[in-house]
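# Breakdown of the fold
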Amino acid sequence: MYPLPSRSLDQVAVALDTPDRETFDRWCALFGPRVGVLKVGLQAFVRWGPDAVAEARRWGPRVFLDLKLHDIPNTVAGAVAAAGDLGVDYLTVHAAGGPSMLAAAREAAAERTKLLVVTLLTHLDQESLASLDLAGSSTDRVSRWTAMARAEGCSGVVCSPLELARLREQNPSPFLLVTPGIRGLGTTGEDDQRRTADPETALRAGADLLVIGRPLTRAPDPEAALRTLAETLDSVS
Ligand code: C5P
């Protein structure tokens with residue numbers, strides 16, 4: 001296994017997307033001591049609740065609870081406060097909830113919890129935007145909603161790798177840019193991600209945190225995939 005600590009693996013969040021509890025626990029034990037962040041998504045949280053967060057935390061990394069909250073401000077504030085009680089380090093909320101929802105979320109967030117705002121979900125193309133009566137290009141909407149998230153004091157946004165360079169130019173550090181859709185580790189074939197980049201390109205374009213699921217978790221040899229990733233990222237940083 002890659003000797004720890006690798007500074008750049010601190011910028012990797014492994015997405016623990018599985019319906020099987022044994023697999024979830026195995027991934028926590030395998031990746032938890034080696035990467036900066038473990039991401040608990042809706043699939044795991046709906047199945048196992050706070051226990052999924054506790055299991056991820058047990059191995060020492062920061063924990064990213066990816067619930068993509070979107071409701072009236074009072075309800076979201078309550079959920080954000082509850083996530084804070086679980087000791088969550090990152091939590092997602094939807095930009096479409098608007099400034100008042102983001103403000104309520106920020107006020108309710110525990111000191112350790114960084115709020116990450118999901119702008120446009122990556123499966124929404126231009127045609128979907130039109131059918132939702134959302135005017136303008138997806139690029140402009142992502143920029144505008146990112147500006148709103150920043151104005152409301154949120155810590156960062158989740159964005160596709162292809163949006164990174166533009167968003168970084170508009171939003172200097174320490175505003176966080178967190179990106180899924182990382183591919184090119186040479187470990188998986190075709191899947192549902194379309195707007196992708198390799199880890200090196202994403203880091204160079206200004207990503208703070210790379211969210212990586214299947215290229216690590218479904219790799220024939222996850223340890224080898226992690227080692228390759230660490231070597232690649234170390235050569236960038
Ligand atoms: O397996 P893969 O590397 O595609 O995992 C990416 C992770 O990032 C998944 O947990 C997915 O839910 C999440 N995500 C995404 N696109 C977004 C927001 C989150 O792929 N726009």
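So, here's what we can say about the structure. Small disclaimer: the values here were computed from a predicted structure and weren't measured.

Bringing the packing of aromatic side chains into the picture now. Enumeration according to the criterion identifies two aromatic pairs in this entry. Arranged with centres 5.2 Å apart and planes meeting at 50 degrees, the rings of Phe-24 and Trp-48 form a pair that is tilted. Taken as a pair, Phe-24 in helix H1 (residues 21–31) and Trp-48 in helix H2 (residues 42–48) lie far apart in primary sequence, 24 residues in all. Residue class for Trp-48 comes out buried when judged on its relative accessible area of 19%. Positioned over the ring face of Trp-48 is Arg-21, at 5.2 Å from the centre of the ring. Note that Lys-39 overlies the ring of Phe-64, its terminal NZ or CZ placed 5.9 Å from the centroid.

On to the packing of H1 against helix H3 (residues 50–58). Where H1 contacts H3, the axes come no closer than 9 Å and their chain directions differ by 30 degrees. Between H1 and H3, the angle is such that the two are roughly parallel. The two elements H1 and H3 meet at a crossing, and its hand is right-handed. Contact with H1, carried on its side by Arg-21, Phe-24, Asp-25 and Cys-28, involves Asp-51, Ala-52, Glu-55 and Ala-56 of H3 and no other residues of that element. Here the contact of H1 with H3 is composed, by residue class, of four nonpolar, no polar and four charged.

Strands pair in a sheet through their backbones, by hydrogen bonds, and they do so in one of two ways: parallel or antiparallel. With respect to topology, eight strands assemble into a closed barrel ordered S1-S2-S3-S4-S5-S6-S7-S8, the strand pairing being parallel. Sheet twist, expressed as the mean angle between neighbouring strand axes with direction ignored, is 25 degrees. As paired elements, strand S2 (residues 37–41) and strand S3 (residues 62–69) share five bridges and run parallel to each other. Residue pairing for S3: Val-37 is matched across the bridge by Arg-62. Packed on one face of the sheet, helix H5 (residues 98–108) meets S3, strand S4 (90–94) and strand S5 (114–118) and runs near 160 degrees to S4.

This paragraph deals with the pattern of salt bridges. Side-chain pairs of opposite charge can arise whenever the charged atoms involved come near each other. What the rule picks out here adds up to 10 salt bridges. Ionic pairing is found between Asp-51 and Arg-21, a salt bridge with its closest N-O pair at 3.0 Å. Taken together, the residues Asp-51 in helix H3 and Arg-21 in helix H1 connect sequence positions 30 residues apart. The salt bridge involving Glu-55 is made with Arg-58; its shortest N-O contact spans 3.3 Å.

In this section: the pairing of S2. Counting buried positions along S2 yields five of five residues, so the element is predominantly enclosed. Residues Val-37, Lys-39 and Gly-41 line one face of S2 and the alternating positions Leu-38 and Val-40 line the opposite face, and both faces are buried. Strand direction decides the pairing type here: strand S1 (residues 12–15) and S2, joined by three bridges, are parallel. Across the sheet, residue Ala-13 finds its bridge partner in S2, namely Val-37. Handedness of the crossover is the feature at issue here: the chain leaves S1, passes through H1, returns alongside S2, and the resulting connection is right-handed.

This brings us to the pairing of S5. By the criterion of burial, S5 is predominantly enclosed, with four of the five residues buried. Bridge count between S4 and S5: five bridges; the pairing is parallel. Among the inter-strand pairings, Val-93 is bridged to a residue of S5, identified as Val-117. For the crossover that starts at S4, traverses H5 and ends in the parallel S5, the hand is right-handed.

Calculation rules
Residues numbered from 1 in each chain as written. Predicted model: local features only at pLDDT ≥ 70, side-chain atom pairs only at ≥ 80, totals over all residues. Heavy atoms only, no water. Phe/Tyr/Trp six-rings, centres within 6.5 Å; stacked < 30°, edge-to-face > 60°. Helix = DSSP H or I, 4+ residues; strand = E, 2+ residues; numbered from the N terminus. Buried < 20%, exposed > 50% of the residue type's maximum accessible area, 1.4 Å probe, protein only. Lys NZ or Arg CZ within 6 Å of the ring centre and 35° of its normal. Axes fitted to C-alpha atoms, helices over the stretch in contact; angles between N-to-C directions. Parallel < 35°, antiparallel > 145°, perpendicular 65-115°, else oblique. Left-handed = near helix turned anticlockwise from the far one by under 90°. Contact = heavy atoms within 4.5 Å. Nonpolar A, V, L, I, M, F, W, Y, C, P; charged D, E, K, R; others polar. Pairing = 2+ DSSP bridges. Salt bridge = Lys/Arg side-chain N within 4 Å of Asp/Glu carboxyl O. Right-handed = clockwise from strand over helix to strand, strands pointing away.

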